[in-house]
Amino acid sequence: MKKLFLIITVVFISLNSSAQCWKSIATRAFHSVGIQDDGSLWAWGLNSDGQLGDGTTDNRLIPKRIGTDNDWAYVAAGTNATYAIKQNGTLWAWGSNSEGQLSDGTTTSRLLPYQVLPGTTWSRVSAGDSFMVAQKSDGTLWSCGDNFLNQLGHPVLGTSNCTLNLINTDTDWMDFNCGNRHTVLIKTNHTIWGFGDGVLGKLATGSNNGYDTPTQLLTENNWAQITADVWTTHFRKTDGSIYAVGQNQSGALGFGTNYLYNLTVQQIGTDTDWRSIEACTAHTIAIKNNGTLWSCGINTSGELGNGTTTNTNVLAQVGTAVNWTKARCGWYYTLTLDSNGTLWAWGDNTYGQLGDGTTTNRLVPTQIGYICTLSVPQFEKAGMQLLTNPVEDIAQLSFDRDGQKKIEIFNSLGALLDTKTVSGDFISFDVSGYATGVYFVKCTMENNIIKTLKMVKK
């Protein structure tokens, strides 16, 4: 009996030590995707259109690894499709292709990851309902898929595009995010822009009007983050205050009211210590600088994580933890990461999108998989890491949290070569013009934490 116990213990320890923690997650409707520390890609939840990418249309109740590659850098979820970028800058897509949103020139769905266009210059991608927007390392934006409501950002209303097309020639986009049928963007001068469907005021026009091309939405130039979902758009300013516009049923926007919708942008509360905010279908999730998590809105499936199914129209703290770093939400559910890279989920679980092996809704944050504890090497990398080093033409940086960052690149003599203002948890930039040698990448985050890494250019 003692020998059997020893064997079981050894196996458990072995499995636990090989467990990988999460560095990024993405959601949209009823499926979830994520990348672990080793660069592997995982997916779970609804798979009716092959959006999980495992070669089937079977739903998955726990995270399932997609392929065997360990070089995934960025992942985004659309309503029924998924998009990801590898460390070499290639863009991949799979799932529903009814409107050409996979950019393969057809409307045939794909059950496995498919490389989009030749080339290795893609840096970021976001997706909505049957369309996607992607950015190249030169800063330009491209789009494909459904354009019934001008969600592609160029004036060909009602025409679907089955391949990625250039939106315009601007190259100063700092960040962008797709809602269901609209896209909002931030430029490096901190102005807000948008295009697509404007119903319920979600393009901050004060009306239901939309735009067929990128158009500046507000006059201020102090915006730091944007996020969009089906009926709402949320914003964060550089001073840490947060704002929202669009549908407010069940108090989704956190204004303390239950009006059906708000056509003008309004501040959420008065606090100015918000690190990030996430727009959800009918609820809002936000993280403060102190690592606390807050939520408001509809709660019929437990998506607020407060242990009840009672709606609330003001942001209220979720639990007592102070180590939350990232939050993402699908339709009536929420996923989060803590500072160690442990994955947590709650809310609607009809299709297994929480990843806990059941289809039972969860009313409080529920741990998915292993609890992660940072080892010394992992702790040293926390904050910012180069995904490949040495680098060739494209350098890629991954961050452990969202939020605005200032990136500075110095040569070995200390001369400043380039400065970039970025947002989000991932950035890629072109270093093909750099000579072979050693460089230093300095990142200053919003909380004034400074991280510097050595970069070797081949």
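Everything discussed here concerns the structure shown above.
This one's a predicted model, so the numbers in the text were calculated from it and none came from an experiment.

Enquirer: Please set out the pairing of strand E26 (residues 333–338) residue by residue, giving values where relevant.
Expert: By the criterion of burial, E26 is predominantly enclosed, with six of the six residues buried. In E26, alternate side chains face the same way, and those of Tyr333, Leu335 and Leu337 on one face and Thr334, Thr336 and Asp338 on the other are all buried. Where strand E25 (residues 324–330) folds back on E26, the antiparallel hairpin that results is connected by two residues, among which Tyr332 adopts a positive phi of roughly 75 degrees. In this sheet, strand E27 (residues 343–347) lies alongside E26 in antiparallel orientation, the contact comprising five bridges. When the sheet's bridge partners are listed, Leu337 is paired in E27 with Leu343.

Enquirer: Describe the sheet that holds strand E28 (residues 362–368), with residues and values.
Expert: The four strands are arranged E25-E26-E27-E28 in an open sheet whose pairing can be described as antiparallel. Among the strands making up the open sheet, the edge pair consists of E25 and E28. Strand-to-strand twist across the sheet, computed as the mean angle between neighbouring axes with direction ignored, equals 20 degrees.

Enquirer: I'd like to hear about the pattern of salt bridges, residue by residue, with values.
Expert: Evaluation of the coordinates by the stated rule reveals 18 salt bridges. For Asp54, the salt bridge goes to Arg60, with nearest N and O atoms at 2.7 Å. On the basis of relative accessible area, Asp54 is assigned to the buried category, the value being 16%. Residue class for Arg60 comes out partly exposed when judged on its relative accessible area of 23%. If you follow the salt bridges from partner to partner, you end up with Asp69, Asp71 and Lys86 in one network.

Enquirer: Run through the sheet that holds strand E15 (residues 192–196), naming residues and quoting values.
Expert: Spatially, the four strands line up as an open sheet ordered E13-E14-E15-E16, and their pairing is antiparallel. Where the open sheet ends on each side, the last strands, each with one partner, are strand E13 (173–178) and strand E16 (211–216). Between one strand axis and the next, the sheet turns by 15 degrees as a mean value, whatever way the strands run. Examined bridge by bridge, E15 and E16 share three bridges and lie antiparallel to one another. Paired with Trp193 across the strands is Gln216, a residue of E16.

Enquirer: Account for the environment of Asp146, naming residues and giving values.
Expert: Tracing the backbone through its elements, the reader meets Asp146 in the loop between strand E11 (141–145) and strand E12 (161–166). Taking the relative accessible area as the measure of exposure, Asp146 reaches 12% and is therefore buried. Through-space distance from the C-alpha of Asp146 to that of Asn97 is 9.8 Å; in sequence the pair is 49 residues apart. With residues up to four places along the chain from it excluded, the contact list for Asp146 reads Glu99, Ser130, Phe131, Gln151, Leu152 and Ser160. A polar contact is formed between the side chain of Asp146 and the backbone nitrogen of Phe148, at a distance of 3.1 Å.

Enquirer: Mind laying out the pairing of strand E31 (residues 405–411), listing which residues take part and the relevant values?
Expert: Taking burial as the measure, the seven residues of E31 include six buried ones, the bulk of the element. Taken together, E31 and the strand that follows it, strand E32 (residues 416–422), pair antiparallel across an intervening segment of four residues, in which Gly414 is found at a positive phi of about 90 degrees. By the bridge criterion, seven bridges tie E31 to strand E34 (residues 437–445) in an arrangement that is antiparallel. Across the sheet, the residue bridging to Ile409 is Val441, located in E34.

Enquirer: Could you give an account of the state of the cysteines, with specific residues and numbers?
Expert: In this structure the tally under the stated criterion is two disulfides. Disulfide pairing is shown between Cys21 and Cys372; the S-S distance is 2.1 Å. Disulfide Cys21 to Cys372: torsion about the S-S bond roughly -120 degrees, handedness left-handed. With Cys21 in the loop between helix H1 (2–18) and strand E1 (22–27) and Cys372 in the loop between E28 and helix H2 (376–381), the pair connects residues that are 351 residues apart, well separated along the chain. Residue class for Cys372 comes out buried when judged on its relative accessible area of 3%. Two residues share a disulfide in this structure: Cys280 and Cys329, whose sulfurs sit 1.9 Å from each other. Where Cys280 bonds to Cys329 through sulfur, the torsion about that S-S bond is close to -90 degrees, and the disulfide is left-handed. Taken as a pair, Cys280 in the loop between strand E21 (274–279) and strand E22 (283–288) and Cys329 in strand E25 lie far apart in primary sequence, 49 residues in all. You can call Cys280 buried: its relative accessible area is 1%.

Enquirer: I'd like a rundown of the packing of aromatic side chains, residues and numbers included.
Expert: By the definition in use, this model includes 14 aromatic pairs. Measuring from ring centre to ring centre gives 6.3 Å for Trp72 and Trp94, while their planes differ by 65 degrees; the resulting arrangement is edge-to-face. Within this pair, whereas Trp72 is found in strand E5 (residues 72–77), its partner Trp94 is found in strand E7 (residues 91–95), the two being separated by 22 residues in sequence. Residue Trp72 is classed as buried on the basis of its relative accessible area, which comes to 3%. Seen from their ring centres, Trp274 and Trp294 are 5.9 Å apart, and the 80 degrees between their planes marks the pair as edge-to-face. Taken as a pair, Trp274 in strand E21 and Trp294 in strand E23 (residues 293–297) lie far apart in primary sequence, 20 residues in all. Both residues of the pair, Trp274 and Trp294, belong to the buried class.

Enquirer: Summarise the environment of Ile62; cite the residues concerned and give the values.
Expert: Tracing the backbone shows Ile62 in strand E4 (residues 60–65). Measuring from C-alpha to C-alpha, the distance between Ile62 and Asn177 comes to 27 Å, with 115 residues separating the pair along the chain. For Ile62, the contacting residues outside a window of four places in its chain are Ala43, Trp44, Gly355, Asp356 and Gly357.

Enquirer: Describe the side chain of Lys202, listing the residues and the values that go with them.
Expert: Tracing the backbone shows Lys202 in the loop between E15 and E16. Note on Lys202: relative accessible area 1%, which makes it buried. Here the side chain of Lys202 touches Val230 through a polar contact of 2.8 Å, landing on its backbone oxygen. Ignoring sequence-local partners within four residues, the contact set of Lys202 consists of His182, Asp197, Val230, Trp231, Thr232, Thr233, Val245 and Gly246.

Calculation rules
Residues numbered from 1 in each chain as written. Predicted model: local features only at pLDDT ≥ 70, side-chain atom pairs only at ≥ 80, totals over all residues. Heavy atoms only, no water. Buried < 20%, exposed > 50% of the residue type's maximum accessible area, 1.4 Å probe, protein only. Helix = DSSP H or I, 4+ residues; strand = E, 2+ residues; numbered from the N terminus. Pairing = 2+ DSSP bridges. Axes fitted to C-alpha atoms, helices over the stretch in contact; angles between N-to-C directions. Salt bridge = Lys/Arg side-chain N within 4 Å of Asp/Glu carboxyl O. Contact = heavy atoms within 4.5 Å. Polar contact = N/O pair within 3.5 Å; in protein donor to acceptor, adjacent residues only side chain to side chain. Disulfide = S-S within 2.5 Å. Phe/Tyr/Trp six-rings, centres within 6.5 Å; stacked < 30°, edge-to-face > 60°.

Note that every value here comes from positions in space, so none of it alone points to a role or purpose.
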